[in-house]
Structure formats: structure tokens, C-alpha cells
Amino acid sequence: DIGCASGEMLCLLSKYFSQVQGIEPSKKLAEKAAQKGFHISNDYFNKNICFQKKFNLITCLMVLEHVNDLNDFLEAIVDNLEDNGILMINVPNGSKIVESMSYFDIYPEHINYFTEKSLMELAFNHGLKLIYMEQVYGNGYHLTAFFKKKSRKYLFSVKKEMDIIKINHILKDIETVGVWGIG
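In short, a report on the structure.

Two side chains of opposite charge can pair, provided their charged atoms sit close to one another. One pass over the structure, following the stated rule, counts three salt bridges. Note that Lys47 and Asp72 form a salt bridge whose closest N and O atoms lie 3.5 Å from each other. With Lys47 in the loop between strand 2 (39-41) and strand 3 (55-61) and Asp72 in helix 3 (residues 70-79), this residue pair connects regions lying 25 residues apart in the sequence. Lys117 serves as the salt-bridge partner of Glu121, at 3.8 Å between the closest nitrogen and oxygen. One end of the pair is Glu121 and the other is Lys117, both in helix 5 (residues 116-124) and four residues apart, which spans about a single turn. Among the residues examined, Glu121 registers a relative accessible area of 33% and is labelled partly exposed.

Listed below in C-alpha cells is the structure:
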């Protein structure tokens, strides 16, 4: 868990995974997480961090909005993710903030805001394929997305990925669909 704070997500993940690990820049929070019995690196996550092995799942919740160099950060995540491994991201939903004029939700420490498309493009540009994305918390003020590390040759374009999301949303309650004339 990148930015694991005091280890709440690690507690949840430890119910499903035999080994969990966190990285947290705050010494105080890293110590709290370590007191719960987790292996914690007290550092900022970056491309120079070396772990003993790659991960099947990396979680990055409420972190990307604070990151200066998103490309280096995502490159480091992908480097530490097993092939076909999963990345779970949660970020503030920039579209929702602007749409609802909730400008009080714009914080000086948040240097990045994301839309569904911008988050998908960032992930796509680093060899990640969207599995699932939804707007969560209240009226959708956060985006939670799951991506899979795949070979780039299997990735669709971001436009096609967005079309697939729209189609899935439109057809979510429909059981039978007929399609003609699509190649």
C-alpha cells in the first residue's frame, strides 16, 4: 500500500493476502502501521525504491493528487508490479468538483486532479489496462479504478476504453443485446 498511513488498508488486505507491505513518508504514521505488525518502509515511493520481489496488487489511495512527477511514479509502480498484477487507485474526481462547483474541495496540497479520461490515459501510457472504474463517496467525488499490467500490444486506445465504459454503463441492466454491422 503506497501511502499506507497508519495501516488501515493493510489491516483489510491482510485478511485476503498472506503478505502485505506498506510505504509511508510520515515517520509517525509508519511507526503506527509497524506496531500493527506490518513491514513498513518509512520513505517516499519513487523509482529508486527496491523491494525484494514484485507485487500481485499495489494500492495507491488518495496519493496521486500529491505527486510531483506522475510519470516517474507510475513507472515505478509498474516496475514493482507482477505481469498481470493489479493496481488499485483512488483519487479526487476533478470532473465532479468542477461540475458541482465544489471549489472548497480544491486543496493547495493537491497538485493533480483527475477525470476518468485523464486517469485512464496516465495508466494506459504506462502499460496498464483498465479493468473497472467507478465514481465513489457521496455523489462521486472520488474515482476508484483497477488496472491490470498487460503487454502494450493488447491494449485498446483510450478512446475505445472510454467507449467500453459508456457501453457497459448504458447496458448494465439489459440482459440481451443484438449487434449487427459492427466489424
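With that out of the way, let us pick up the environment of Leu64. Here Leu64 shows up in the loop between strand 3 and helix 3. Accessibility expressed as a relative area gives 0% for Leu64, which makes it buried.

Before going further, it helps to spend a moment on the packing of aromatic side chains. Where two aromatic rings form a pair, the distance of their centres and the angle of their planes describe that pair. The tally for this structure, following the rule as stated, stands at two aromatic pairs. When the ring of Phe45 is compared with that of Phe73, the centres are 5.2 Å apart and the planes differ by 75°; the resulting orientation is edge-to-face. Here the residue Phe45 occupies a position in the loop between strand 2 and strand 3, and Phe73 occupies one in helix 3, the gap between them amounting to 28 residues. When the ring of Phe51 is compared with that of Phe55, the centres are 5.2 Å apart and the planes differ by 80°; the resulting orientation is edge-to-face. Note on Phe51: relative accessible area 18%, which makes it buried.

Relative to the helices and strands, Asn90 is located in strand 4 (residues 81-92). Apart from the residues within four sequence positions on either side, Asn90 is in contact with Cys60, Leu61, Met62, Val63, Glu65, Val136, Tyr137, His142, Leu143 and Thr144.

Conventions and cut-offs
Residues numbered from 1 in each chain as written. Predicted model: local features only at pLDDT ≥ 70, side-chain atom pairs only at ≥ 80, totals over all residues. Heavy atoms only, no water. Salt bridge = Lys/Arg side-chain N within 4 Å of Asp/Glu carboxyl O. Helix = DSSP H or I, 4+ residues; strand = E, 2+ residues; numbered from the N terminus. Buried < 20%, exposed > 50% of the residue type's maximum accessible area, 1.4 Å probe, protein only. Phe/Tyr/Trp six-rings, centres within 6.5 Å; stacked < 30°, edge-to-face > 60°. Contact = heavy atoms within 4.5 Å.

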